[in-house]
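Reading the structure
The primary structure of each chain is shown beneath.
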Amino acid sequence: MMISLDTDQFNAVNTTIHSTHLDGCPVLRVVKGAKFMEFDENTYARYTGRPFHNGIIRVNMFSRLLPDAPDFARGFIGIAYRISDDNSSFESFYIRPTNGRSCPDPVRRSHGCQYFSYPGYTFSYFRDHHITDYEAPADIDLNEWIPVKAVIQDERADFYLNDQTQPVLTVKNMKHGKDPKGAVGLFTDIGTEAFFKDLEIEYFD
């Protein structure tokens, strides 16, 4: 099911959102609220339609840095899903375009994309505990449209970029388990001007 990206279909959760055009296409622009300076928080445009449990989420994403982006900004952009009614828990996948193909630092390139689970299981939690299963390198960059597909089934998630046939990242044990059901969101983080188009949600149940 294709989802209209009109602002009346979304709630801005710790973000500002508006419908606009980019490269002649209608898009939804999402920017993180200025007061939220922690990473991996509930900062997204929340789709107000049917709750999601298992299925496929497809969207095209375009990320660029804001003029006042801090040095540590990475162009963070992604999706959230199974968002609880009160936004207190969700699963998420996002990319860091400045850690992609143009990045000269091999360590940063290994952190091209990230799964996290809110609350608690942030990227810093995984790194502090030397858990490497939830991020991977990605062939991405700023200022380009990046197709994303997430296939969610029970506690497993497979994430695909750029219409590739193999997932860039597979998560076999999502931290909230197989049962939660909730909203889909378009996620952004610090220093990013995020644009989304062609949002499609396929429901398995």
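All of the points below concern the structure found in this document. (Residues numbered from 1 in each chain as written. Predicted model: local features only at pLDDT ≥ 70, side-chain atom pairs only at ≥ 80, totals over all residues. Heavy atoms only, no water.)

The next thing to look at is the overall build of the protein chain. Helices and strands together make up the secondary structure of the protein chain, namely 2 helices and 14 strands. Rg of the C-alpha trace for the protein chain: 15 Å, near the compact-globule value of 17 Å for 205 residues, within the 12% margin. The C-alpha extent of the protein chain, read off along each of the three principal axes, is 40 × 40 × 35 Å. Burial statistics for the protein chain: of 205 residues in total, 53% are counted as buried. Nonlocal contacts in the protein chain, meaning residues at least 24 apart in sequence, comprise 68% of its contacts between residues at least 6 apart. For the protein chain, the accessible area works out to roughly 9,100 Å², and carbon and sulfur atoms hold 48% of it. In the protein chain, the 21 positive side-chain charges and the 29 negative ones have mean positions that sit 2 Å from each other. (Helix = DSSP H or I, 4+ residues; strand = E, 2+ residues; numbered from the N terminus. Rg over C-alpha atoms; globule rule 2.2 N^0.38 Å. Buried < 20%, exposed > 50% of the residue type's maximum accessible area, 1.4 Å probe, protein only. Contact = heavy atoms within 4.5 Å. Areas by Shrake-Rupley, 256 points an atom, 1.4 Å probe, with all protein chains shown as cover. Lys, Arg positive; Asp, Glu negative; His and termini not counted. Charge placed at Lys NZ, Arg CZ, Asp CG, Glu CD.)

A full pass over the atoms with the stated rule returns 10 salt bridges. The residue Arg 29 makes a salt bridge to Glu 193 at a minimum N-O spacing of 2.7 Å. Residue Arg 29 is found in strand 3 (residues 25-32), and its partner Glu 193 is found in strand 14 (residues 192-203); the two are separated by 164 residues along the sequence. Across this residue pair, the class does not change: Arg 29 and Glu 193 are buried. Each of Arg 29, Arg 64 and Glu 193 takes part in one network of salt bridges that share partners. (Salt bridge = Lys/Arg side-chain N within 4 Å of Asp/Glu carboxyl O.)

In this chain, Tyr 118 is followed by Pro 119 through a cis amide linkage whose omega measures 0 degrees. Relative to the helices and strands, Pro 119 is located in the loop between strand 8 (113-118) and helix 2 (123-128). Of note, the phi angle at Asp 163 is positive, near 60 degrees, even though the residue is not glycine. In this fold, Asp 163 is placed in the loop between strand 11 (156-161) and strand 12 (169-171). On the basis of relative accessible area, Asp 163 is assigned to the exposed category, the value being 67%. One non-glycine residue, Asp 198, lies in the positive phi region at around 55 degrees. Considering the arrangement of structural elements, one finds Asp 198 in strand 14. The exposure class of Asp 198 is partly exposed, given its relative accessible area of 39%.

It is worth spelling out the packing of aromatic side chains at this point. If you walk through the whole model with that rule in mind, you get 18 aromatic pairs. Between Phe 76 and Tyr 94, the ring centres sit 5.9 Å apart and the planes meet at 80 degrees, which makes this aromatic pair edge-to-face. Taken together, the residues Phe 76 in the loop between strand 5 (55-65) and strand 6 (77-83) and Tyr 94 in strand 7 (residues 90-95) connect sequence positions 18 residues apart. Residues Phe 76 and Tyr 94 agree in their burial class; the two are buried. Taken together through their ring pairs, the aromatic side chains of Tyr 44, Phe 76, Phe 90, Tyr 94, Phe 116, Tyr 118 and Phe 187 make up a single cluster. (Phe/Tyr/Trp six-rings, centres within 6.5 Å; stacked < 30°, edge-to-face > 60°.)

Take the sheet that holds strand 13 (residues 183-188) next. Read across the open sheet, the 7 strands follow the order 1-4-13-6-7-8-9; overall the sheet is antiparallel. The open sheet has two free edges, formed respectively by strand 1 (10-13) and strand 9 (135-136), since each of these has just one partner strand. Pairing of strand 4 (residues 44-47) with strand 13 involves 3 bridges; the strand directions are antiparallel. Bridge pairing in strand 13 places Arg 46 opposite Gly 185. (Pairing = 2+ DSSP bridges.)

Turning our eyes to something else, we now look at the pairing of strand 2 (residues 15-22). Every regular strand shows the same layout, with side chains that alternate between the two sheet faces. With 8 bridges connecting them, strand 2 and strand 3 associate as antiparallel partners. What sits directly across from Thr 20, in strand 3, is Val 27. Connecting the antiparallel pair strand 2 and strand 3 is a turn made up of 2 residues, with Asp 23 showing a positive phi of about 55 degrees.

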